Amino acid sequence: MKLLSDLFSTDYGLMSIGGIAFMLGMAVFFLRMFLTKMNEPPTADPAAAALAAQGKKLPSSR
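Structure report, in brief. A quick note: this is a predicted structure, and the numbers were derived from the prediction, not measured. As a convention, each chain's residues are numbered from 1 in the sequence order in which they are written. Where local features are concerned, this predicted model is filtered to residues with pLDDT of at least 70; where side-chain atom pairs are given and counted, the filter is 80 or more; whole-chain, interface and lining totals use all residues. Only heavy atoms go into the side-chain values, all of them from the structure, while hydrogens and water stay out.

1. Focus: the overall build of the protein
Put simply, the test is: Numbering goes from the N terminus for both helices and strands, where a helix is a DSSP run of H or I of at least four residues and a strand is a run of E of at least two. Each residue's exposure class comes from its accessible area (1.4 Å probe, protein chains only) as a fraction of the maximum for that residue type: buried when under 20%, exposed when over 50%, partly exposed otherwise.
Secondary structure assignment for the protein yields 3 helices and 0 strands. Sequence-ordered secondary structure for the protein, helices as α and strands as β, is α-α-α. With 62 residues in all, the protein has 3% of them scored as buried.

Set out below in structure tokens:
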């Protein structure tokens, strides 16, 4: 009971709860982001697609 009392009533206990909550939230965010990115269809050439969106062309390799 002393542990829970210290956890919820002291400054270092509250900071620990905040840190744990932040890390869990960050884990959920990255999990969702990575799963979403993994399920996207691949583009043929990401560099060409980015330049095409800007109205430019890739330089020739010759």
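Still more to cover.
2. Comments concerning the side chain of Thr10
Put simply, the rule is: For this analysis, a polar contact is any N or O atom pair within 3.5 Å, provided that within protein one partner can donate a hydrogen and the other can accept it, and provided that sequence-adjacent residues contribute only side-chain to side-chain pairs.
Topologically, Thr10 is positioned in the loop between α1 (2–9) and α2 (11–38). For Thr10, a relative accessible area of 16% translates into the label buried. In terms of polar contacts, Thr10 uses its side chain to reach the backbone amide nitrogen of Gly13, at 3.1 Å.

3. A few points about the pattern of salt bridges
Operational definition: What counts as a salt bridge is simple: a side-chain nitrogen of Lys or Arg found within 4 Å of a carboxyl oxygen of Asp or Glu.
Under the criterion given, the structure shown has 1 salt bridge. With a shortest N-O distance of 2.9 Å, Asp6 and Lys2 are connected by a salt bridge. With Asp6 and Lys2 both in helix α1, this residue pair falls 4 residues apart, about one helical turn. With relative accessibility at 22%, the residue Asp6 sits in the partly exposed group. The exposed category is assigned to Lys2, whose relative accessible area is 59%.

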